[in-house]
Amino acid sequence: MDDFLRTDDLTPETLQAVLDLADQLKADRRSRVSSTSTLIRSDLHGMTVALLFEKPSTRTRVSFQVAVHELGGHPLPLSSAELQLGRGETIGDTGEVLSRYCHAIVVRTFGQDRLDELAAAAAVPVVNALTDLEHPCQALADLQTLRAEFGALSGRSLAYVGDGNNVANSLLLAGAMAGMSVRVGHPDGYAPDPDIVARAERLAGDSGGEVVLTDDPAEAARGADAVYADVWTSMGQEAENEHRLEVFAPYRVTADLMDEAADDAIFLHCLPAHRGEEVTAEVIDGPRSRVFDQAENRLHAQKALLVTLVTAGD
Ligand code: CP
Ligand code: NVA
């Protein structure tokens, strides 16, 4: 793996290895905190990682910045507004130039084509920190959270309820690769990307997993080990917000919908959340919610990914 642009740039074996390393790094960090020894490792010693964000971010930006720092590297946060990119320089030229200075580039942008153009021009590993199509780093942290709860993921089920967006697309691929049953309950016209669904079905065929699409949120949630929600209006879709509030109202994750799931089912959300829209406060702030563990796992999973990418050629 040279880059992490799509969830299925990982093989099922590499996915497993990254998640195992993420668990090790999480335990290592906790023991360093409790023994007051240094948090700084040397995996990225002397390396600089550019963090280029064309959309807002709290978790991804901060967790990558802390991850690079704690791996002994130098994180370099950049926004398009402060680069020549904001004045019309191409994303390809930006990628080539950044790769002459930096050892890896983490990018949050709009179209997947922009990320692909940057990665094609860059000579160093490029990581997708969210595009309109995928959010693969989120899916890594989500699987780490599910493994912490349930152990082996094969045969477990995940119900994603709402918009078939970037988060849903990456969960389909990651869950299918891990042998899970991934069900997406979405309104008509808001299905996940068809090419990604086809790839997820192929992966599920190999892993013993399953992909189910339905317009019925209760059918998606029935018996599931985890119920997952994301915002109804993603970044860049703000003009559609009012219409989406109407379309998605039947897809809110409520205590009643959680009752359809398994007795020990957990609730997941990538955050940021809108209480009262895609999920009620009762659910997201209740005992089944693992949303802040998910947010924490962004740090550990991304550290594991960075170590895997920069040591790939060793
Ligand atoms: N979940 C997630 O990616 O959050 P941010 O947009 O805050 O990075
Ligand atoms: N689907 C959301 C995820 C935010 C982390 C968005 O793209 O805005």
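Residues numbered from 1 in each chain as written. Chains lettered and ligands numbered in written order. Predicted model: local features only at pLDDT ≥ 70, side-chain atom pairs only at ≥ 80, totals over all residues. Heavy atoms only, no water.

J.: When you look at the environment of Leu 115 in this model, what are you seeing that I'm missing?
T.: Note that Leu 115 resides in helix H4 (residues 112-121). Judged by relative accessible area, which is 0%, Leu 115 ranks as buried. Taking the C-alpha atoms as reference points, Leu 115 and Arg 183, separated by 68 residues in sequence, lie 28 Å from one another. Those residues within four positions of Leu 115 in sequence are excluded, and the remaining contacts are Leu 5, Val 107, Thr 109, Val 126, Val 127, Asn 128 and Thr 131. (Helix = DSSP H or I, 4+ residues; strand = E, 2+ residues; numbered from the N terminus. Buried < 20%, exposed > 50% of the residue type's maximum accessible area, 1.4 Å probe, protein only. Contact = heavy atoms within 4.5 Å.)

J.: It is not clear to me how the site of ligand 1 should be interpreted in this structure. Could you clarify?
T.: In the vicinity of ligand 1, the contacting residues are Ser 57, Thr 58, Arg 59, Thr 60, Arg 108, His 135, Gln 138, Cys 270, Leu 271 and Arg 298. Thr 58 is positioned with one of its backbone polar atoms (N or O) 2.7 Å from an oxygen atom of ligand 1. Leu 271 places a polar main-chain atom, nitrogen or oxygen, 2.8 Å from a nitrogen atom of ligand 1. For ligand 1, the accessible surface in isolation is 250 Å², of which the surrounding protein chains cover 95%. A class-by-class count of the residues in the shell around ligand 1 yields two nonpolar, five polar and three charged. (Near = heavy atom within 4 Å. Polar contact = N/O pair within 3.5 Å; in protein donor to acceptor, adjacent residues only side chain to side chain. Areas by Shrake-Rupley, 256 points an atom, 1.4 Å probe, with all protein chains shown as cover. Nonpolar A, V, L, I, M, F, W, Y, C, P; charged D, E, K, R; others polar.)

J.: Looking at this model, I keep getting lost on the sheet that holds strand S7 (residues 210-214). Mind explaining?
T.: Adjacent strands of a sheet form backbone hydrogen bonds with each other and so pair up, either parallel or antiparallel. Ordered by their spatial adjacency, five strands build an open sheet running S7-S6-S5-S8-S9, and the pairing between neighbours is parallel. Only two strands of the sheet have a single neighbouring strand rather than two, namely S7 and strand S9 (266-269). Across this sheet, the average inter-strand angle for adjacent strands is 20 degrees, counted without regard to direction. Examined bridge by bridge, strand S5 (residues 157-161) and strand S8 (residues 226-229) share three bridges and lie parallel to one another. Residue pairing across strands places Tyr 160 opposite Tyr 228, the latter belonging to S8. (Pairing = 2+ DSSP bridges. Axes fitted to C-alpha atoms, helices over the stretch in contact; angles between N-to-C directions.)

J.: I keep staring at the packing of helix H3 (residues 91-101) against H4 and nothing clicks. Help me out?
T.: The angle between the axes and the distance between the axes are what describe a pair of packed helices. Their axes nearest at 7 Å, the elements H3 and H4 cross at an angle of 40 degrees. Here H4 runs oblique to H3, going by the angle between their axes. Between H3 and H4 lies a crossing of right-handed hand. Seen from H3, the contacting residues are Ile 91, Gly 92, Gly 95, Glu 96 and Ser 99; seen from H4, they are Arg 114, Glu 117, Leu 118 and Ala 121. Here the contact of H3 with H4 is built from residues that sort into three nonpolar, three polar and three charged. (Parallel < 35°, antiparallel > 145°, perpendicular 65-115°, else oblique. Left-handed = near helix turned anticlockwise from the far one by under 90°.)

J.: How do you make sense of unusual backbone geometry when you look at a structure like this?
T.: A cis amide bond links Leu 271 to the next residue, Pro 272, at an omega of 5 degrees. With respect to the secondary-structure elements, Pro 272 resides in the loop between S9 and helix H11 (281-284). One non-glycine residue, Thr 36, adopts positive backbone phi at about 50 degrees. Its location among the elements puts Thr 36 in the loop between helix H1 (12-34) and strand S1 (48-53). For Thr 36, a relative accessible area of 71% puts it in the exposed group. A positive phi is found at Leu 130, a non-glycine position, where the angle reads about 120 degrees. Turning to its location among the elements, Leu 130 is positioned in the loop between strand S4 (126-128) and helix H5 (136-150).

J.: Help me understand the site of ligand 2 in this model?
T.: Taken together, Leu 130, Asn 165, Asn 166, Asp 230, Val 231, Ser 234, Met 235 and Leu 271 make up all the residues around ligand 2. When the free accessible area of ligand 2 is taken as 270 Å², the share hidden by the protein chains comes to 94%. Taking a 2 Å distance to the grid points as the criterion, the majority of the atoms of ligand 2 fall inside the largest pocket. Grouping the amino acids of the shell around ligand 2 by side-chain chemistry returns four nonpolar, three polar and one charged. (1 Å grid on protein atoms, 1.4 Å probe; cavity = no way out; pocket = protein on both sides within 12 Å on 5 of 7 lines; lining within 4 Å. Sits in = over half its atoms within 2 Å of the grid points.)

J.: Looking at this structure, how should I read the confidence of the model for the protein chain?
T.: Low-confidence regions, as indicated by low pLDDT, have predicted coordinates that should not be scrutinised in detail. For the protein chain, mean pLDDT is 97; residues scoring 70 or higher make up 99% of the total. Here H1 stands out as the element of the protein chain with the lowest mean pLDDT, 96, in contrast to S8, whose mean of 99 is the highest. (pLDDT = per-residue confidence, 0-100.)

J.: I keep staring at the pairing of S9 and nothing clicks. Help me out?
T.: Neither face of S9 is left uncovered, since the one carrying Ile 266 and Leu 268 and the one carrying Phe 267 and His 269 both have all their residues buried. Inspection of the sheet shows S8 paired to S9 by four bridges, in the parallel sense. Bridging from a neighbouring strand, Ala 229 pairs with His 269 of S9.

J.: Explanation requested: the sheet that holds strand S2 (residues 74-79) in the structure shown.
T.: On the basis of which strands lie adjacent, the open sheet formed by four strands has the order S2-S1-S3-S4 and parallel pairing. In the strand order of this sheet, the two ends are held by S2 and S4, each with one partner. The mean inter-strand angle of the sheet, taken between neighbouring strand axes irrespective of direction, is 20 degrees. The pairing of strand S3 (residues 104-108) with S4 spans three bridges and is parallel. Residue pairing in the sheet places Ile 105 in a bridge with Val 126 of S4. Sitting on the sheet, H4 touches S1, S3 and S4, and the angle it makes with S4 is about 170 degrees.

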